[in-house]
Amino acid sequence: MLSRLIVLGLLCAPLLVVAEPDHITTLASSCAACHGTNGNSAGGTPVLAGLDASHFRKQMQDFKSGARPSTVMQRHAKGLTDAEIDGLALFFSQQPRRPASLPAHPR
Amino acid sequence: MNLNRRDFMRFSASAAALTLLPLSGCARALRTQASPRVVVIGGGYAGATAAKYLRMWSAGAVEVIVIEPNPSFISCPLSNLVLGGSKTLADLTFGYDGLQQHGIQRVQDTVTAVDPLARKLQLTRGELRYDKLVIAPGVDFIYDSLPMLDSAEASQQVPHAWKAGPQTVLLQQQLAAMPDGGVFVMSVPKAPYRCPPGPYERVCQVASYFSQHKPKAKIIVLDANPEITSKKALFTKVWAEMYAGMIDYRPNSQLTEVDVAAREVKTEFETVSADVLNVIPPQRAGKVAQLVGAANVDKRWCEVDFLSYASKVVPDTYIVGDSVSAALPKSAHMATSQARVCASAILATLAGQQPDPQPVFANTCYSFVNARMAMHVAHVYRYDQHKKIMLPAEGGGVSAQPSEQEGQYAYSWAQNIWSDVLT
Ligand SMILES: Cc1cc2nc3c(=O)[nH]c(=O)nc-3n(C[C@H](O)[C@H](O)[C@H](O)COP(=O)(O)OP(=O)(O)OC[C@H]3O[C@@H](n4cnc5c(N)ncnc54)[C@H](O)[C@@H]3O)c2cc1C
């Protein structure tokens, strides 16, 4: 679940300690288009960072079954396995809440 | 940070931001070694995302340099709304300063040559070495069948407006100057092209502008495809109900000739005259992808390994975004999803590990039908271990109808993707 700490062994191992993102981290990052980096929304959508894992899981399962009506979230929930939903729930629950900002317009 | 010529020289010697492990027996030798360097060509949706996540996920252990000729980022998503009148180009233009906070170095230049065996690339101002190369140049236009459009003058008379920027403003100005009762003609190239629903969203935006300001104006869509390529039922309904009598859609209408000065086009069947003419040209992988020999599919698109986005033909080279050959929509969300899988795989490879064997990601594309209402197409895509490609998972699809609620979501999508890519 958590990014594994692994050792970057390019030239003469061990050189660098790098956090290699795993399956769930990479999958979770694809939610960023609507929910911000690591679930810290820049506005208009729920902040997922720091959300209680069981609450997240319930919402996603309800989107999946249709118990909670939605426009686009059903499309995403239905495409994920239960294990992935559990993994995402844990991932987002562990993300610190940070204010997200919009990039500045050039001066 | 912008780099000057002297910085290029210093790059190879610098060993900045290393997390050295002093335990290693060869620690002394290591101290003089630079961290692995990834050079990213193109600071658009795919390139900027790859750069940010490479830095974020490696906690700064990998040196990342982005090469981008433009001084700022201009978003294609929402650029059709400039034609509709509800957005300005300034609303869609952002600085690159946010990348600096991640320790990404930005070089404002164009890559003119790549030597993949020597892992070296040529800029107009110098030379750069890399360990891994990410190519994210977006699309290049193909003018082989319409050579009369291939000049700066022609693009002033007949804009493509398919790379957001001055072209978008030009098309908007031409529409504003068009008399009421005039005819806007738009040509759609054969798929695959950047943003499948984009041309039809553009028709909605121009129709929305005409309904308010030039109610007698007409729109003729000459589509090289046999039918609307995305959200067909939704667009058909919107055109019939919201813009009744304004839009004349003609399928199987590939352009064979353009009279630039007269703004007149020919298809196999007919000649059509326009007051404002917008030809969206056929597309292929960005020039630099062709240059390096990565565009090996029909000499147009780049074949990649979908576990890493490594080029199938060029070593140490990864392709992300619109340049990739795939049965996937060429969208900004898709470009960022690919870029993150690629960043993850590059870090795994640098660490001597295998990339995630089963990547999964999402794509959502909104189209605005007027200033406030939008509709989606969304899918989760999952790696198929037998076919070795990304396939849509169960449950994907399109909106039941456009709505203001989805218009709000579409704006949130834009704000969040800009925040994710550029801060
Ligand atoms: C009108 C329109 C509307 C759209 N609407 C949406 C939408 O609503 N939602 C959505 O998801 N997608 C939308 N898209 C699609 C989206 O814009 C693209 O899919 C996305 O931009 C692809 O990202 P990319 O990084 O591959 O290319 P780009 O974003 O185009 O970035 C490529 C970058 O590479 C740089 N570059 C090129 N060559 C070189 C070189 N030799 N050296 C250095 N740098 C170079 C370019 O300057 C550019 O900045 C739309 C597109 C259009 C045209």
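Counting restarts for each chain: residues are numbered from 1 in the order of the written sequence. Chains carry letters from A onward and ligands carry numbers from 1 onward, assigned in written order. Note on the predicted model: pLDDT of at least 70 is required for a residue's local features to be given, and 80 or more for side-chain atom pairs to be given and counted; whole-chain, interface and lining totals, by contrast, use all residues. With hydrogens and water set aside, each side-chain value is computed from the structure's full complement of heavy atoms.

Explanation requested: the sheet that holds strand 14 (residues 255–259) of chain B in the structure shown.
Adjacent strands of a sheet pair through backbone hydrogen bonds, lying either parallel or antiparallel. Residues and elements named next belong to chain B. An order of 14-15-16 is seen for the 3 strands of this open sheet, with the pairing classed as antiparallel. Across the chains shown, the open sheet's two edge strands, defined by having one partner strand only, are strand 14 and strand 16 (271–273). This sheet shows a mean twist of 20° between the axes of neighbouring strands, independent of strand direction. Two strands are counted as paired when DSSP detects at least two bridges linking them. Numbering of helices and strands starts at the N terminus; helices are DSSP runs of H or I of at least 4 residues and strands are runs of E of at least 2. Note: strand 15 (residues 264–267) against strand 16, 3 bridges, orientation antiparallel. Along strand 16, the bridge assignment pairs Val265 with Val272. Helix axes use the C-alpha atoms of the stretch in contact, all axes being lines fitted to C-alpha atoms, and the angles between their N-to-C directions lie in the range 0 to 180 degrees.

Would you mind going over the interface of chain B and chain A with me for this structure?
You'll often see interface size given as the accessible area lost when the parts meet. Contacts are assigned to residue pairs that have any heavy atoms within 4.5 Å of one another. On the side of chain A, 52 residues touch chain B, which itself brings 67 residues to the contact. Counting each side, the surface lost to burial between chain B and chain A is near 4700 Å², with a carbon and sulfur contribution of 62%. When a carboxyl oxygen of Asp or Glu lies within 4 Å of a side-chain nitrogen of Lys or Arg, that pair is called a salt bridge. At the boundary of chain B with chain A, the tally comes to 1 salt bridge. Among the salt bridges present, the one from Arg382(B) reaches Glu84(A), with a minimum N-O distance of 2.6 Å. By the criterion applied in these results, polar contacts are pairs of N or O atoms within 3.5 Å in which, for protein atoms, one can donate a hydrogen and the other can accept it, and in which residues neighboring in sequence qualify only through two side-chain atoms. Our enumeration of links across chain B and chain A arrives at 25 residue pairs in polar contact (both at pLDDT 80 or more). For the side of chain B that touches chain A, the elements supplying multiple residues, two or more each, are helix 3 (45–57), strand 4 (93–94), helix 11 (332–350), strand 22 (360–368), strand 23 (374–384), strand 25 (397–398) and helix 12 (404–422) of chain B. Polar here means any residue other than Ala, Val, Leu, Ile, Met, Phe, Trp, Tyr, Cys and Pro, which are nonpolar, and Asp, Glu, Lys and Arg, which are charged; Gly is therefore polar. The residue makeup of the side of chain B that touches chain A, split by class, is 31 nonpolar, 27 polar and 9 charged. Note on terms: buried area is the combined drop in 1.4 Å-probe accessible area of two parts once they are placed together, counting the loss on both.

Where do I start with the site of the ligand in this structure?
All names here are of chain B. The rule for a residue being near a molecule or strand is that one of its heavy atoms must lie within 4 Å of it. In the vicinity of the ligand lie 34 residues, with Ala46, Glu68, Arg194, Asp322 and Ala332 positioned nearest. Take Asp322: an N or O atom from its side chain is 2.8 Å from an oxygen atom of the ligand. At 3.3 Å from an oxygen atom of the ligand is found a main-chain nitrogen or oxygen belonging to Ser331. Surface accessibility follows the Shrake-Rupley procedure with a 1.4 Å probe radius. Residue values consider only the protein chains on display as shielding. The fraction of the free accessible surface of the ligand (1000 Å²) that becomes covered by protein chains is 90%. Counting residues per element, the ones that place at least two in the shell around the ligand are helix 3, helix 11 and strand 22.

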